[in-house]
Amino acid sequence: MCRWAAFIGQPIFLEQVISAPAHSLLVQSQAASEAKTAINADGFGIAWYAHRPEPGLFRDVLPAWSDPNLASVAAQIKSGLFLAHVRASTGSATSRNNCHPFTSGRWSFMHNGQVGGFEHFRRSADMLIPDELYHERKGATDSEVLFLRALYHGLDLDPVNALVKAARDLENLSREKGETPHLRLSVAMSDGENLYAARASSDHIAPTVYYKRCTQSEGWMVVSEPLETSSDDWIELPAGKLAVFTKDDVRLCDFMG
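Criteria and cut-off values
- Numbers given for residues are sequential positions, taken from 1 along each chain in its written order.
- Given that the model is predicted, a residue must reach a pLDDT of at least 70 before its local features are reported, and side-chain atom pairs must reach 80 or more before they are shown or counted; all residues, however, enter totals for whole chains, interfaces and linings.
- Calculation of side-chain values draws on the structure's entire complement of heavy atoms; hydrogens and water are dropped beforehand.
- Per the convention used, a helix needs a DSSP run of H or I reaching at least four residues, while a strand needs a run of E reaching at least two, with both numbered from the N terminus.
- A pair of strands is considered paired only if DSSP assigns at least 2 bridges between the two.
- Only the stretch in contact is used when fitting a helix axis, every axis being a line fitted to C-alpha atoms; angles between N-to-C directions are given from 0 to 180 degrees.
- The term salt bridge refers to a pairing of a side-chain nitrogen on Lys or Arg with a carboxyl oxygen on Asp or Glu at a separation within 4 Å.
- Burial status follows relative accessibility: with a 1.4 Å probe on protein chains alone, a residue under 20% of its type maximum counts as buried, one over 50% as exposed, and anything between as partly exposed.
- Whenever a nitrogen or oxygen atom comes within 3.5 Å of another N or O atom, the pair is scored as a polar contact, on the condition that within protein one atom can donate a hydrogen and the other can accept it, and that pairs from neighbouring residues in sequence are kept only if both atoms are in side chains.
- Note on contacts: a residue pair is in contact if any heavy atoms of the two residues lie within 4.5 Å.

Novice: Would you mind showing me how to read unusual backbone geometry here?
Specialist: The phi torsion of most residues other than glycine is negative, and most of the peptide bonds are trans. The omega torsion of the bond from H100 to P101 falls at -5°, within 30 degrees of zero and hence cis. P181 follows T180 through a cis peptide bond whose omega is -5°. Take P181: it is sitting in the loop between α7 (159-177) and β7 (184-190). Of note in the backbone geometry, E218 takes a positive phi value of approximately 50° without being a glycine. The residue E218 is located in the loop between β9 (210-214) and β10 (219-223) in this model.

Written out as structure tokens, the structure is:
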């Protein structure tokens, strides 16, 4: 399973999430404490918003802890909205195109979880992607299918409903052609204005999502596991919920409940 972190608020250096905290994303790439696997060495990626509506994107296949470019970029780039991800593959190859986040237009998207038996129905899953979006299918992951299917369902107009429909499509395929667990999901995504985070599962085990208010940067940190193990002010997002974050507020709504 992968680890991820996101931020929305007043601009901060990316290193304040990626490398500076005691249990930073770099630490989690080697020693995650709330994931199925402690090591997340199958690549990394960051997507950030700055001067243009579309996000910048930097991804590579090296383990996050062994790439000096990541530490340098994180120490120099400031952003008020960004997503960061370290990957543990659930079956697809270690390649740049399979690293998260994925982007399309102004959207960025990253995922932790699995669609049970995806390797047995990958072709059927690909057929869920309409012709007008298929040119954006660069890799071979279930996560990228989920993202492109959500775009098809109207991510621009109704992000919550579009993500629900996309997740249901893949869950139904897994029930028809795959295996259990049919769906385990934690997602973070952004349109450059808001930050969305969701948590759901077809069984009783949903990947974790936490969030906390950051008073100094007047924003929100949203993570798959806390960045400080000694802090008790992280709030766990309940399974079956989706949170919509602005710089000033958070709103929870039902998601696949």
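Resuming the write-up.
Novice: Whenever I open this one, the sheet that holds strand β12 (residues 241-245) confuses me. Can you help?
Specialist: Across a sheet, paired strands are connected by hydrogen bonds in the backbone, their directions being either parallel or antiparallel. One open sheet holds the six strands; their spatial order is β5-β6-β7-β8-β12-β13, and the pairing between them is antiparallel. Looking at the sheet topology across the chains shown, the edges are occupied by β5 (102-104) and β13 (250-254). For this sheet, the mean angle separating the axes of adjacent strands, direction not counted, is 15°. In this structure, β12 lies alongside β13, joined through five bridges in antiparallel fashion.

Novice: It is not clear to me how the pattern of salt bridges should be interpreted in this structure. Could you clarify?
Specialist: Close approach of charged atoms lets side chains of opposite charge pair. On inspection of all chains with the given rule, the structure shows 14 salt bridges. A salt bridge links D60 to R96; its shortest N-O distance comes to 3.1 Å. One end of the pair, D60, is in strand β3 (residues 56-60); the other, R96, is in the loop between β4 (78-86) and β5, and 36 residues separate them in sequence. The exposure class of D60 is buried, given its relative accessible area of 16%. We classify R96 as partly exposed; its relative accessible area is 44%. E236 is paired through a salt bridge with R199; the nearest N and O atoms lie 3.3 Å apart. A residue pair is termed long-range when its members are at least 10 positions apart, and E236 in strand β11 (residues 235-236) and R199 in strand β8 (residues 195-201) qualify at 37 residues. Put simply, R106, D156 and D191 are held in one network by salt bridges that share partners.

Novice: Even after reading the chapter, I still don't get the side chain of E144, so can you show me in this structure?
Specialist: Checked against the element boundaries, E144 lands in helix α6 (residues 142-152). Within polar-contact distance, the side chain of E144 engages the side chain of R137 at 2.9 Å. If we skip the residues at most four places from it in the chain, E144 touches F102, E136, R137, K138 and G139.

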